[in-house]
Amino acid sequence: MIQIEGLTKQYGATTVVDRVSFNVERNSIAVIVGTSGSGKSTLLRMINRLVEPTAGRVLLDGADTRSEPAHLLRRRIGYAIQGHGLFPHRTVVENVATVPRLLGWPEARIRSRVHELMEVFQLDPGLYANAFPHQLSGGQQQRVGVARALAAEPAVLLMDEPFGALDPIIRAKAQEDLLGIQRRFGTTMVLVTHDMDEAFHLGERVAVMSQGRLLQYDRPAVLLTHPADPFVARMTGITDRAMKLLALTTAGEAALPGGSDGPRVASSASLREVLSELLWSGAASALVLGEDGAPRGQLTVAAILARGRP
Amino acid sequence: MYGANLLRLAALGLLVAFLVSPHTFAPVFAPLTRYGAPPIYDQGDLLTLALAQLATVCCAALASTLVAVGLGILVTRPAGAQFLPLSRTLVNIGQTFPPVAVLAVAVPLVGFGEKPTLIALFAYGLLPIFENTIAGLRSCPPAVLEAASGMGMSARERLRLVELPLAMPLILEGVRLSLVINVGTATIGSTVAAKGLGEVIIAGLLSSNTAFILQGGLVTGLMAVLLYDGLRALERRLFRAVRLD
């Protein structure tokens with residue numbers, strides 16, 4: 001668990017981060033979202049002390065992060081950034097093995113861990129182990145960047161706009177992969193983005209920042225239905241907030257008992273997708289199928305619309 | 001590529017053949033002499049002189065490299081940034097102060113021989129290495145440096161594992177430039193009794209023997225070109241994989 005208490009950063013007379021406090025539960029994903037210049041990256045970088053706070057403190061599982069040298073602290077915290085920052089003079093394997101090497105792991109353990117991560121991130125070791133970063137596609141570079149951040153099995157992973165440089169299709173895939181990784185390794189993640197849709201999609205809790213201050217830290221649905229501040233409402237988007245609310249619930253969660261001869265939708269699809277499918281096909285209801293292909297229930301247009309109200 | 005390699009090999013063969021057996025080439029140089037003067041330098045062994053000059057240049061380059069790279073690293077650290085203007089001025093003086101003048105100043109202090117030449121070449125060779133070290137260290141992509149620190153590298157580890165390897169091609173280019181400039185410059189060392197091919201050129205000037213001047217000049221020039229070329233080929237092999245994107 002990460003406890004952030006009264007974290008403040010001042011450069012001269014300018015306050016970049018102003019008394020920010022919030023907690024990130026173990027095994028959860030928190031997303032910090034804000035416009036550029038909101039202090040979100042500085043806040044993230046204070047967690048691993050790439051930026052030293054002017055005031056306030058960060059506790060990792062109860063221990064103050066200042067109780068050990070900054071570079072030793074950072075070896076325990078994964079860090080992935082926009083544009084991946086891979087070492088261009090090192091192969092994929094060497095890049096991924098960076099932190100385990102710094103920690104002095106035995107060679108056999110490093111090898112098996114790197115191998116495991118390459119499998120997890122769908123990088124065929126036979127093809128890519130000895131490739132250099134410039135030989136990979138943008139999506140592959142980004143995956144190597146996250147794999148490198150996770151190599152030493154950190155309990156916490158910090159990410160600063162990790163998908164910022166990817167095109168929309170690869171980006172959506174990378175987001176799904178990240179959720180899979182989080183479920184698999186149980187890593188506590190803090191992710192910074194300026195993209196509200198990404199924040200809602202990935203974050204169990206979302207922190208909205210503006211001008212160095214934390215305006216609201218809550219579950220996505222609460223941010224939509226009860227914004228604490230006009231700025232939060234503007235960030236979350238007023239005109240399509242009903243659609244965003246629908247996007248937060250899956251068909252499986254909302255399915256009602258009964259059958260339907262309308263279109264078939266997967267239980268993992270969002271209500272927004274189901275509604276779109278119903279509008280397109282002109283049917284009044286859809287049949288929800290589980291992962292095994294068995295019917296789980298049905299959804300009518302009316303039932304979906306009811307979910308889109310606060 | 002193939003033709004260039006053939007040319008290199010031919011040049012190297014020519015140089016070695018001339019140094020090992022200069023008298024074979026006597027007919028080539030004979031038309032340049034007058035009044036029956038010897039066509040080939042006869043007051044010393046050309047091979048020994050060439051090797052002595054190379055040794056002087058390499059010693060000076062080693063010292064220049066250590067100092068210039070050290071300074072370059074220092075002034076690119078946050079703690080040493082304030083020394084950048086001073087270091088740059090000193091290194092620039094080393095380059096702009098004529099080596100001949102350095103010799104004149106150094107001889108009263110350290111005497112005749114190799115020492116004043118080493119000092120002159122050392123000062124003259126600093127600039128390209130210093131500037132290339134700074135350029136190389138500054139060309140490291142910010143995201144890469146940020147990642148290195150974020151991974152938990154200490155400042156030293158970051159320098160050793162990331163910054164220097166990435167700057168290495170540029171640093172070596174500086175060393176190469178410095179070496180080549182100094183192979184030619186080293187000939188002036190002969191004015192203060194350092195062993196080298198300058199001796200041959202000076203002997204030619206004193207006795208109006210164009211053949212001597214040409215021999216000293218051609219051997220020096222060929223050595224410089226081949227050294228430059230050879231080092232570049234070596235760099236290419238070593239850093240084939242490194243590319244900044």
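Summarised in this report is the structure supplied together with it. All values reported here derive from a predicted model rather than from experimental measurement.

What counts and how
Residues numbered from 1 in each chain as written. Chains lettered and ligands numbered in written order. Predicted model: local features only at pLDDT ≥ 70, side-chain atom pairs only at ≥ 80, totals over all residues. Heavy atoms only, no water. Helix = DSSP H or I, 4+ residues; strand = E, 2+ residues; numbered from the N terminus. Expected span 1.5 Å × (residues − 1). Bend = angle between axes of the 7 residues up to and from the residue. Salt bridge = Lys/Arg side-chain N within 4 Å of Asp/Glu carboxyl O. Buried < 20%, exposed > 50% of the residue type's maximum accessible area, 1.4 Å probe, protein only. Contact = heavy atoms within 4.5 Å. Buried area = accessible area lost by both parts, 1.4 Å probe. Polar contact = N/O pair within 3.5 Å; in protein donor to acceptor, adjacent residues only side chain to side chain. Phe/Tyr/Trp six-rings, centres within 6.5 Å; stacked < 30°, edge-to-face > 60°. Lys NZ or Arg CZ within 6 Å of the ring centre and 35° of its normal.

Helix length check: helix α8 (residues 155–185) of chain B (31 residues) gives 38 Å between terminal C-alpha atoms against 45 Å at 1.5 Å per residue, more than 12% under. At B:Met168, α8(B) is bent by approximately 50°, the largest bend along its length, and proline B:Pro169 sits one to four residues beyond.

What follows is about the pattern of salt bridges. Inspection of the entire model under this criterion finds 23 salt bridges over all chains. Between B:Arg8 and B:Asp229 there is a salt bridge whose closest N-O contact spans 1.9 Å. Of this pair, B:Arg8 sits in helix α1 (residues 2–20) while B:Asp229 sits in helix α10 (residues 210–238), and the two are 221 residues apart along the sequence. Residue classification places B:Asp229 among the buried positions, given a relative accessible area of 16%. One connected set of salt bridges, linked through shared partners, spans A:Arg109, A:Arg113, A:Glu116, A:Glu153 and A:Arg184.

Before going further, it helps to spend a moment on the interface of chain B and chain A. Between chain B and chain A, the residue contacts involve 21 residues of the former and 23 residues of the latter. Counting the surface lost from both chain B and chain A, the interface buries some 1,900 Å², and carbon and sulfur atoms represent 66% of this. For the interface between chain B and chain A, the tally reads two salt bridges. B:Glu157 is the salt-bridge partner of A:Arg75, the closest N and O atoms lying 2.8 Å from each other. The interface formed by chain B and chain A holds six residue pairs in polar contact (both at pLDDT 80 or more) in total. Listing elements by their share of the side of chain B that touches chain A, those giving two or more residues are α7 (142–151) and α8 of chain B. In terms of residues, the side of chain B that touches chain A owes the most to one element, α7(B), which gives eight residues.

Moving on: the packing of aromatic side chains. Counting across every chain of the model gives four aromatic pairs over all chains. Ring centres of B:Phe18 and B:Phe29 lie 5.7 Å apart, and the angle between their planes is 50°; this geometry places the pair in the tilted category. Highlighted residues: B:Phe18 in helix α1 and B:Phe29 in helix α2 (residues 26–29), separated in sequence by eleven residues. A single burial state applies to B:Phe18 and to B:Phe29, both of which are buried. Taking 5.4 Å as the distance between ring centres and 85° as the angle between the ring planes, the aromatic pair formed by B:Tyr41 and B:Phe212 counts as edge-to-face. Of this pair, B:Tyr41 sits in the loop between α2 and α3 (46–76) while B:Phe212 sits in helix α10, placing them 171 residues apart in sequence. Per residue, the accessibility class of B:Tyr41 equals that of B:Phe212, and both read buried. The aromatic ring of A:Phe87 is capped on one face by A:Arg148, whose charged end is 4.7 Å from the ring centroid. Over the face of the ring belonging to A:Tyr217 we find A:Arg205, whose NZ or CZ atom lies 5.7 Å from the ring centre.

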